[in-house]
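Residues per chain are reported as follows:
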Amino acid sequence: MRSGILAILLIGVAVLGYMSIYIVNPTQQALVLQLGRIVDQPKTEPGYYFKYPFIQNVVYLDKRVLNLNMPPLEPISSDKKRLVVDAFARYKISDPVLFYQRVANVQTANRRLSTLLQSSLRSELGRTSFVALVRDDRSGVMEAIRKDVSANAKELGIEVIDVKIRRADLPDANSQAIYARMQTERQREATEIRAQGEEVARRIRSRADRDATVLVAEAKRDSEITRGDGDAERNKIFAEAFGADPEFFAFYRSMQAYEAGLQSGDTSLVLSPDSSFFRFFKDPMGQNLDPAANDNGSQGVSDRSPSLASQ
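Residues numbered from 1 in each chain as written. Predicted model: local features only at pLDDT ≥ 70, side-chain atom pairs only at ≥ 80, totals over all residues. Heavy atoms only, no water.

*Asks:* Any chance you could explain unusual backbone geometry here in plain terms?
*Replies:* One can expect most non-glycine residues to show negative phi and most peptide bonds to be in trans. The backbone of Leu35 sits at a positive phi, close to 55°, despite the residue not being glycine. With respect to the helices, strands and loops of the structure, Leu35 is situated in the loop between strand S2 (28-34) and strand S3 (37-38). Phi is positive for Phe54, which is not a glycine, with a value near 75°. Along the chain, Phe54 turns up in the loop between strand S4 (47-50) and strand S5 (56-62). (Helix = DSSP H or I, 4+ residues; strand = E, 2+ residues; numbered from the N terminus.)

Structure follows, in structure tokens:
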């Protein structure tokens, strides 16, 4: 009988000891409640702690950094553009007592914090242009939103660590319209650049054609001048040669006339044997003809031999 009572007492002591001890993990912080009221300081360090059994209970709160994912919003920017914004926040419970008194649990805290974040996003993006949000000052906009949400979340015992905007874009219909407008502008700029390039090309071709014409004309002019100088020099040499030995010059011109006139071909010459053209055939000196023939011969040499030579 005594052993049974002792066993019951031991079991009761063990149960009371078990119900008097609670454990706080490194990822947790605990509040001790007595009849719904907080009766002790929050336990934020890991370890074993004691409480009164039956009349006190323990509420555990997360000590880690928590994430709050929001559904996409469609705020309007300062330049009257409707945006599609996807954002999230990271926070932790900084004041467990205030957190429990205001929201009691994480689910309620997420709903309250989501409302604050949506309000802050709409307010801040309403003062920000689309270009600033997407390109110029995105980090500044996110920091301003974080500060605004954090100031309001302090009343809930929450510290907002970070607010990030994953995506900030235009709706599909607006994106297509903007893309079409940008494409039209790029095509217009391309057409203008091509027109400018064609204008420059025509100007260069015109200048090149003009320069080529000038160069050809100058080259022809120089060639004619050179040819004229050569002809003058040749005539001068012939004149000097003729003046030095008129008889040899007459002989040389007659030989040229023979070479030009007696070439094989279809041309026929009908001449008198006494013609001055053949005077060097009868006399190497070209003087064995009668005076009339000599006169005619000399006339023939001076008049006709050059024409035959030229032929």
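*Asks:* Where do I start with the sheet that holds strand S8 (residues 158-169) in this structure?
*Replies:* Adjacent strands of a sheet pair through backbone hydrogen bonds, lying either parallel or antiparallel. One open sheet holds the three strands; their spatial order is S6-S7-S8, and the pairing between them is antiparallel. Edge strands, defined here as strands with exactly one partner in the open sheet, are strand S6 (66-69) and S8. Along the sheet, successive strands turn relative to each other by an average axial angle of 20°, direction set aside. Where strand S7 (residues 84-93) lies against S8, 10 bridges are found, and the strand directions are antiparallel. Among the inter-strand pairings, Lys92 is bridged to a residue of S8, identified as Glu159. Against the sheet, helix H3 (residues 106-126) engages S6, S7 and S8, with an angle of about 135° to S7. (Pairing = 2+ DSSP bridges. Axes fitted to C-alpha atoms, helices over the stretch in contact; angles between N-to-C directions. Contact = heavy atoms within 4.5 Å.)

*Asks:* Sorry, what's going on with the packing of aromatic side chains here?
*Replies:* The tally for this structure, following the rule as stated, stands at one aromatic pair. Both rings, one in Tyr22 and one in Tyr49, keep their centres 5.7 Å apart while their planes meet at 25°; by these two values the pair is stacked. Placement of the pair is Tyr22 in strand S1 (residues 21-24) and Tyr49 in strand S4, with a sequence separation of 27 residues. (Phe/Tyr/Trp six-rings, centres within 6.5 Å; stacked < 30°, edge-to-face > 60°.)

*Asks:* What exactly am I supposed to notice about H3 here?
*Replies:* An α-helical turn contains 3.6 residues, so any two residues separated by three or four positions project in the same direction. The end-to-end C-alpha separation of H3 is 29 Å, in line with the 30 Å expected for 21 residues at 1.5 Å each. For H3, the complete set of buried residues consists of Ala109, Leu113, Ser114, Leu117, Ser120, Leu121, Glu124 and Leu125. The buried residues of H3 occupy an angular sector of 140° when projected down its axis, which confines them to one face. Exposed side chains of H3 directed beyond 90 degrees from the buried face belong to Arg111 and Thr115. The secondary structure elements touched by the buried residues of H3 are S6, S7, helix H2 (96-102), helix H4 (130-136), helix H5 (138-153) and S8. Sitting at the amino-terminal end of H3 is Asn105, which places a side-chain oxygen 3.3 Å from the backbone nitrogen of Gln107. (Expected span 1.5 Å × (residues − 1). Buried < 20%, exposed > 50% of the residue type's maximum accessible area, 1.4 Å probe, protein only. Arc of directions from axis to C-beta. Polar contact = N/O pair within 3.5 Å; in protein donor to acceptor, adjacent residues only side chain to side chain.)

*Asks:* Where do I start with the sheet that holds S3 in this structure?
*Replies:* With antiparallel pairing, three strands are arranged side by side in an open sheet as S3-S2-S5. The outermost strands of the open sheet, each flanked by one partner alone, are S3 and S5. As judged from the seven bridges shared by S2 and S5, these two strands associate in the antiparallel manner. Counted as the bridge partner of Gln34 is Gln56 from S5.

*Asks:* Could you clarify how one ought to interpret the packing of H3 against H5 in this entry?
*Replies:* For any two helices packed against each other, one specifies the crossing angle of their axes together with the interaxial distance. Close contact between H3 and H5 brings their axes to 9 Å; oriented N to C, the two are set at 140°. Classed by the angle they form, the pair H3 and H5 counts as oblique. Our pair here, H3 against H5, has a crossing hand that is right-handed. Contact residues: H3 offers Leu113, Leu116, Leu117, Ser120, Leu121, Glu124 and Leu125, while H5 offers Val141, Ala144, Ile145, Asp148, Val149, Asn152 and Ala153. Grouping the amino acids of the contact of H3 with H5 by side-chain chemistry returns 10 nonpolar, two polar and two charged. (Parallel < 35°, antiparallel > 145°, perpendicular 65-115°, else oblique. Left-handed = near helix turned anticlockwise from the far one by under 90°. Nonpolar A, V, L, I, M, F, W, Y, C, P; charged D, E, K, R; others polar.)

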